[in-house]
Amino acid sequence: MRHWKRKIAVFIALILSFNLCMPILAMADTTPVLRVEESGAAQGAETIVNIYLDNPEEICGGNFEIVYDTDNFTLIAAEAGDLLSGCAVTINTKYQTDTIRISFAGSATLSGDAPICTLTLQAKSTATLGDTAVTLQEVRMYNMDVETVDIITQDGTLAVQYAGIKVESQEAVAGQAVRMEFVLEGDLDVAGGGFEVSYDTDKLTAGTVVSSTLLNGYALASNTTSDGNIKVTWAGSEPIQERGTMCSITFYVKEDATGEAYVNVENLRLYDTEGKAVGSIATNGTIAIGTATDASPKIWVVGGQVDAETKLATVGIVLEGRGEILGGEFVLDYPEGCTLESHSTTEYTNTAISTINTETAGTLKFNWAGTAPDVSSKTLLLLEFKVEDSALGEAITLSEVSLLDDDLETVNIVDIRSGSLVSGGLQLQSPYIAQEEITTTANQTSVALTLDVASAGDGTELETIQLMMVLYENGKMRTVKLSETDYATSFDDNGIAQIEVSVDYAGTADEVKLFMVDGSGVMTPLAETVQYNLGGV
């Protein structure tokens, strides 16, 4: 019984508190609001700015100040609005250089939803493009008893209108292709124009300019005027009705690129239907060159082991799509002394649409579109090469990789695993470090790694390996330590595997070099630099 009484008491308290809150909510809804309506004008053009007083029924008099940007706008007129008809109104347009003061008084309270006042402003021909503020200050409103009425104020935006081209920034990894979109934005009508694209040639190479549906019916032209500079122009007889992506350029991130690469818009010129220039703003973009995570889609070179007698090597391109990738494209480069004997798509890509281009020696271009994303790894393409001795150890490189998800959107971060042509005695492609944790304390150095490995041959069993670290202090080698555990795992059906390895050393170090050691004693460095700075202890 006590529980029921407690519940009833709580229920009654909730009802009472709700009823008590209702007048407060209703009062908030009727609070007067003095607000500035948003407006704007092109350079040299005029615009109307309306000031409104919502919920004015309690007010019969008051005064307030309006502050505007005199650097960019000139006041043409300030007039009382229809809300103040029947009131005595004083408007001082020279109260301060950038401030208008308005006072009014009436014999009855206000009613209606008309503006309380209206400003006519002209944007200067030299006005800075973009938004400026119209601010309300020193606001005082009174009722019929000459008592102050609480009021809410809302400032507004007065824009110097423009049209612009914005480069949408993206993320990518080294070796990846990334589409950079050039977006038309702003309020002004645009029928044609042109701009130049400059980009970071140390980190990027550029593809062609592709028009979007926004420019259907418009003539677009582009040409590369110099390395790192592309000129884009377009024209039409009618203004572009919508805003959005106008065109795009696919950039290819170089294999050694790091940090950030710029993609800039320069010498932007936009025109209306009469061929007159309109105010324009260019917004530059960047490609942040990131690092793939273990959750990122991966594309691998698998195989590459050269048979000592036939001099043939089979190479497979394997995709780990993570249930995300529907299709894509890539370029595979192979070295001199290596001849492509044959190529074939696999069962996976035979169920999709794919094309391969082998017209240029040393380069292969491949694209495909699947029917649904796959969670497990899939071999996209099988290649057979005839390899001369001079090509042994040379790289087989994946580049210009562009993968699409099932919404046909480009996936920004892709893990790219290139490979090499290896002699018949080696069973692994050079491993990649997927995750690493290298720590050092006063008396201990510890290394824990997750390695991505690919088979160099056609076997499914991975031979036993060990992790070896070589420790240095002050530039001098202190010790060499092998992991106490031998590690082994099996490749999946497409020749890839992941292994977790670790090694500890009781001692201090400020630098460590890491190697993978296979069963025959061959050491493979575990990074391009094979060097890790531990910060010194």
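Calculation rules
Residues numbered from 1 in each chain as written. Predicted model: local features only at pLDDT ≥ 70, side-chain atom pairs only at ≥ 80, totals over all residues. Heavy atoms only, no water. Helix = DSSP H or I, 4+ residues; strand = E, 2+ residues; numbered from the N terminus. Buried < 20%, exposed > 50% of the residue type's maximum accessible area, 1.4 Å probe, protein only. Contact = heavy atoms within 4.5 Å. Areas by Shrake-Rupley, 256 points an atom, 1.4 Å probe, with all protein chains shown as cover. Polar contact = N/O pair within 3.5 Å; in protein donor to acceptor, adjacent residues only side chain to side chain. Pairing = 2+ DSSP bridges. Salt bridge = Lys/Arg side-chain N within 4 Å of Asp/Glu carboxyl O. Axes fitted to C-alpha atoms, helices over the stretch in contact; angles between N-to-C directions. Phe/Tyr/Trp six-rings, centres within 6.5 Å; stacked < 30°, edge-to-face > 60°. Lys NZ or Arg CZ within 6 Å of the ring centre and 35° of its normal. Core = buried A, V, L, I, M, F, W, Y, C linked by side-chain atoms within 4.5 Å. pLDDT = per-residue confidence, 0-100. Patch = residues over 30% accessible without salt bridge, like charges linked within 9 Å, V, L, I, M, F, W, Y side chains within 5 Å. Lys, Arg positive; Asp, Glu negative; His and termini not counted. Charge placed at Lys NZ, Arg CZ, Asp CG, Glu CD.

**So, the overall build of the protein chain**
A count of helical and extended segments in the protein chain gives two helices and 41 strands. Counting all 537 residues of the protein chain, 45% fall into the buried class. Partitioning the contacts of the protein chain with sequence separation of at least 6, the portion at a separation of at least 24 is 74%. Surface accessibility of the protein chain: about 26,600 Å² in total, with carbon and sulfur atoms responsible for 47%.

**Points about the side chain of N229**
For N229, the location among the structural elements is in strand β18 (residues 229-235). Within polar-contact distance, the side chain of N229 engages the side chain of E196 at 3.3 Å. Apart from residues lying up to four places away in sequence, N229 is in contact with E196, V197, Y199, N223 and T224.

**Here we look at the sheet that holds strand β33 (residues 419-420)**
Within the open sheet, the five strands sit side by side as β28-β29-β26-β31-β33. Their pairing is antiparallel. The open sheet terminates on both sides in strands that have one partner only, identified here as β28 (353-357) and β33. Sheet analysis places strand β31 (residues 395-405) next to β33, joined by two bridges and oriented antiparallel. Bridge assignment links I396 to a residue of β33, and that residue is G419.

**Regarding the pattern of salt bridges**
Applying the stated rule across the entire model yields 10 salt bridges. Residue E181 is joined to R179 by a salt bridge in which the shortest nitrogen-to-oxygen separation is 2.8 Å. A residue is classified by how much of its surface remains accessible, and R179, at 35% relative accessible area, is partly exposed. The salt bridge partner of D389 is K311, with a shortest N-O separation of 2.9 Å. In this pair, D389 sits in the loop between β30 (377-387) and β31 while K311 sits in the loop between β24 (298-306) and β25 (312-320), placing the two residues 78 residues apart along the sequence. Overlapping salt bridges bring together K298, D415, R417 and D452 as one network.

**Examining the sheet that holds strand β32 (residues 415-417)**
The strands making up a sheet associate through backbone hydrogen bonding, with each pair oriented either parallel or antiparallel. Read across the open sheet, the five strands follow the order β27-β30-β25-β24-β32; overall the sheet is mixed. Each of the sheet's edge strands pairs with one partner strand only, and the pair in question is β27 (338-345) and β32. Across the sheet, the mean angle separating the axes of adjacent strands is 15° when strand polarity is ignored.

**A short note on the packing of aromatic side chains**
For the coordinates displayed, the defined rule picks out seven aromatic pairs. Relative to W234, the ring of F195 lies with its centre 6.3 Å away and its plane at 65°, an arrangement referred to as edge-to-face. Note that F195 is positioned in strand β15 (residues 192-199) and W234 in strand β18, a separation of 39 residues in sequence. With respect to burial, F195 and W234 carry one shared label: buried. An aromatic cluster of at least three residues, connected via ring pairs, comprises F182, F195 and W234. Seen from the ring of W300, R417 lies directly overhead, with NZ or CZ sitting 5.7 Å from the centre.

**Details of the side chain of T450**
Position of T450 relative to the elements: it lies in strand β35 (residues 445-454). Residues within four places of T450 in sequence aside, it is in contact with Y432, I433, A434, Q435, Q498, I499 and E500.

**Comments concerning the nonpolar core**
In this structure, F182, F195, W234, F251, V263 and I287 are the most contacted members of the largest nonpolar core, which totals 37 residues. Those elements that provide at least two residues to this core are β12 (163-167), β14 (177-186), β15, β16 (204-211), β18, β19 (244-253), β20 (259-271) and β23 (285-289). Of all hydrophobic cores here, the second largest spans 33 residues; its members include I299, F366, V387 and V411.

**Side note on the environment of P525**
Structurally, P525 is set in strand β40 (residues 523-525). Note: C-alpha distance between P525 and F515 (10 residues apart in sequence) is 4.4 Å.

**Some words on the confidence of the model for the protein chain**
Overall, the predicted model of the protein chain reaches an average pLDDT of 83, with 89% of residues at or above 70. The low-confidence segment residues 1-28, where pLDDT is below 50, has zero contacts with residues more than four positions distant or belonging to other chains. Per-residue pLDDT stays below 50 along residues 528-537; that stretch engages in 31 contacts with residues further than four places along the chain or on separate chains.

**Considerations on a negative patch on the surface**
A cluster of acidic side chains, namely E37, E38, D131 and D187, defines a negative patch on the protein surface. Inspection of the secondary structure assignment puts E37 in the loop between β1 (33-36) and β2 (39-41). The exposure class of E37 is partly exposed, given its relative accessible area of 31%.

**A look at unusual backbone geometry**
Positive phi, close to 60°, is recorded for R322, a residue that is not glycine. With respect to the element layout, R322 can be found in the loop between β25 and β26 (325-333). The class of R322 is partly exposed, set by a relative accessible area of 33%. Positive phi outside glycine occurs at L408, with the angle close to 60°. Mapped onto the fold, L408 is located in the loop between β31 and β32.

**Considering the pairing of β18**
Pairing analysis gives seven bridges linking β15 to β18, with the strands arranged antiparallel. The partner of E196 across the bridge, within β18, is K231. One ladder, built from seven bridges, connects strand β17 (residues 219-226) with β18; its direction is antiparallel. Across the sheet, L220 pairs through a bridge with W234, a residue of β18.

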